[in-house]
Amino acid sequence: MKTIKRTIAEVARDLEGAANILILSHENPDGDAIGSSLGMAMGLREFGKNVVAANATVVPERISWLVGAGEIVTELPSTRGFDTILLLDCAERERTGFDLSGIPEERFISIDHHPNTAGVGRKILIDTQAAATGELVLEILLEMSANIETAIATALYVAIHTDTGGFNYSNTTRMTHMSASILLDRGVDPAEVHRHLFGNERRERVALLGEVLSTLELELGGRVATCVVTKKMLEKTGASPEDSDDFVSYPRSIRGVEVAVLLKEQGDGKYRVSLRANTDVDLSLVAKKLGGGGHKKAAGATISGSMKEATATLLDALTEAMERAAS
Ligand code: 5GP
Ligand code: MN
């Protein structure tokens, strides 16, 4: 499915006319959310625009080294002074985790690559073919003839690197590598980025991985693999909740597994669920049914109940989705 409601050029022209821009992304941000926000913020500032970037969650440590990351505010500034509220890597007000109700639709622009999302704003660019929102931001900045300095290029490279699992997931396209090529031309050092992202782990995180892997269960005849992160494990290891963000890749890597699940205990009877698919099952629909969302092969949601209930709810939804995919 490819949904482009507006072209890159239309969004670029619109942004050229904007003066005061507030950039927001989804809460619990990943490298694409933050990388896109920073790349766009720095790019727009080159044109003398007043740009503020905000996110409801603090920037994860893994990407906090990006230039400008420290300037992303976690409180929503008064929106009155902004002619444009730019949503990146999400296209719905609620996903930001901020209360944006009552702000006229016309003030928004949204740029995203997630399927099954409505979009808000005077311009809505949703390209589900794009591997990362960072790819779309790069296209827009090129269309605006922005001077893409190394700091901007690095932010966008991190965005693309994150959402493609280092150019490995099935969303990786020729376009993804072309984008990377342009970014390397602008001074990105891939080895340096990799060292920041994966060669700089805290020992608490690796200790947590040990705990989490010991919870591995194979369900539905080995088609589904689950792992759990409990509050207790975080206490025991001294790790923080976001330390487990990509642990779902371990159950995913098991031979024969079609869907991998990571359940993270949030406290107050809630679990954050990360879902990853190796086959054609549509996880964006599964997650949506559970009140979340995401992509076909990578989605998430928050579910309530005991661990047992949460797992049962999830396995029911997955069974149905896998049956649908097979038929
Ligand atoms: P993760 O498992 O890394 O948290 O999320 C995987 C994908 O699903 C990401 O693209 C993320 O944006 C999306 N996602 C995760 N949780 C939610 C949610 O609660 N709502 C929506 N709409 N998308 C989510
Ligand atoms: Mn993304």
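In this text the structure is predicted, and so the values were computed from the model without any measurement. (Residues numbered from 1 in each chain as written. Chains lettered and ligands numbered in written order. Predicted model: local features only at pLDDT ≥ 70, side-chain atom pairs only at ≥ 80, totals over all residues. Heavy atoms only, no water.)

### What to know about the coordination of the manganese ion (ligand 2)
Only Asp 32 (OD), Asp 89 (OD), His 113 (NE2) and Asp 163 (OD) from the protein reach the manganese ion (ligand 2) as donors, at distances of 2.1 to 2.3 Å. One chain supplies every donor to the manganese ion (ligand 2), and in sequence these donors are spaced D-x56-D-x23-H-x49-D. Of this pair, His 113 sits in the loop between β4 (108-112) and β5 (123-126) while Asp 163 sits in helix α4 (residues 150-163), and the two are 50 residues apart along the sequence. A single burial state applies to His 113 and to Asp 163, both of which are buried. (Donors = N, O, S within 2.8 Å, 3.2 Å for Na, K, Ca; no water. Helix = DSSP H or I, 4+ residues; strand = E, 2+ residues; numbered from the N terminus. Buried < 20%, exposed > 50% of the residue type's maximum accessible area, 1.4 Å probe, protein only.)

### A look at the nonpolar core
Side chains of nonpolar character tend, in soluble globular proteins, to be buried together. Within the largest apolar cluster, 48 residues are counted, with the highest numbers of intra-cluster contacts made by Leu 15, Ile 23, Met 40, Leu 44, Leu 86, Ile 111 and Ile 140. Ranked by residues supplied to this core, first place goes to α4 with 7 residues. Excluding residues that lie within four positions of it along the chain, Leu 86 makes contacts with Leu 15, Ile 21, Leu 22, Ile 23, Leu 24, Met 40, Leu 44, Ile 109 and Ile 111. In terms of nonpolar packing, the next biggest core, distinct from the first, is built from 24 residues, Val 224, Val 281, Ala 287 and Ala 321 among them. (Core = buried A, V, L, I, M, F, W, Y, C linked by side-chain atoms within 4.5 Å. Contact = heavy atoms within 4.5 Å.)

### As for the environment of Ala 151
Tracing the chain through its elements places Ala 151 in helix α4. Once the C-alpha coordinates of Ala 151 and Phe 247 are considered, the two residues, 96 residues apart in sequence, prove to be 28 Å apart. Excluding anything up to four places from it in sequence, Ala 151 contacts Met 42 and Val 67.

### Considering the domain arrangement of the chain
Looking at the chain, the domain boundaries give domain 1 (4-198) and domain 2 (203-326). Placing the centre of domain 1 and that of domain 2 at their C-alpha centroids yields a distance of 27 Å. Between domain 1 and domain 2, the residue contacts involve 8 residues of the former and 10 residues of the latter. Taken together, both faces of the contact between domain 1 and domain 2 bury some 780 Å²; the carbon and sulfur share is 43%. It is Arg 62, Pro 115 and Asn 116 in domain 1 that bury the most area against domain 2; as a group they hold 45% of the surface buried on that side. (Domains from an automatic or database assignment. Buried area = accessible area lost by both parts, 1.4 Å probe.)

### Digging into the packing of helix α1 (residues 8-16) against helix α3 (residues 133-143)
Interaxial distance between α1 and α3 falls to 9 Å at its minimum, and their mutual angle equals 65°. Taken as a pair, α1 and α3 cross one another with a handedness that is right-handed. Contacts from Ile 8, Ala 9, Val 11, Ala 12, Arg 13 and Leu 15 in α1 reach Leu 136, Glu 139, Ile 140 and Glu 143 in α3. Of the residues contributing to the contact of α1 with α3, the split by class is 7 nonpolar, no polar and 3 charged. (Axes fitted to C-alpha atoms, helices over the stretch in contact; angles between N-to-C directions. Left-handed = near helix turned anticlockwise from the far one by under 90°. Nonpolar A, V, L, I, M, F, W, Y, C, P; charged D, E, K, R; others polar.)

### Some points on the site of ligand 1
Within the structure, ligand 1 sits among 13 residues, and His 114, Arg 272, Ser 274, Arg 276 and Gly 293 are positioned closest to it. At 3.2 Å from an oxygen atom of ligand 1 is found a side-chain nitrogen or oxygen belonging to Arg 95. Within the side chain of His 295, a nitrogen or oxygen atom sits 3.4 Å from an oxygen atom of ligand 1. Notes on ligand 1: free accessible area 500 Å², of which the protein chains cover 78%. (Near = heavy atom within 4 Å. Polar contact = N/O pair within 3.5 Å; in protein donor to acceptor, adjacent residues only side chain to side chain. Areas by Shrake-Rupley, 256 points an atom, 1.4 Å probe, with all protein chains shown as cover.)

### Thoughts on the environment of Thr 117
Here Thr 117 lies in the loop between β4 and β5. Classification of Thr 117 by relative accessible area gives buried; the value is 18%. Distance from Thr 117 to Gly 294, taken between C-alpha atoms, is 8.9 Å for residues 177 residues apart in sequence. Those residues in contact with Thr 117 that sit more than four places away from it in its chain are Ala 91, Glu 92, Asp 112 and Ile 126. At 3.1 Å, the side chain of Thr 117 and the side chain of Glu 92 are in polar contact.

### Digging into the sheet that holds strand β1 (residues 20-25)
Across the sheet, which stays open at both edges, the 5 strands sit in the order β2-β1-β3-β4-β5 with parallel pairing between neighbours. The open sheet terminates on both sides in strands that have one partner only, identified here as β2 (50-54) and β5. With direction set aside, neighbouring strand axes in the sheet form an average angle of 15°. One ladder, built from 4 bridges, connects strand β3 (residues 84-88) with β4; its direction is parallel. Paired with Leu 88 across the two strands is Ile 111, which belongs to β4. Most of the contacts of α1 go to β5, to which it runs at about 140°, and overall it touches β3, β4 and β5. (Pairing = 2+ DSSP bridges.)

### A closer look at the pairing of strand β8 (residues 259-267)
Within a regular beta strand, the side chains point alternately toward one face of the sheet and then the other, so they alternate between its two faces. Across the 9 residues that make up β8, a large majority, 7, are buried. Alignment of β8 against strand β9 (residues 270-277), held across 8 bridges, turns out to be antiparallel. Counterpart to Gly 267 in the pairing with β9 is Lys 270. Here β8 folds back onto β9, and the loop between the two strands holds 2 residues, one of which, Asp 268, carries a positive phi near 40°.

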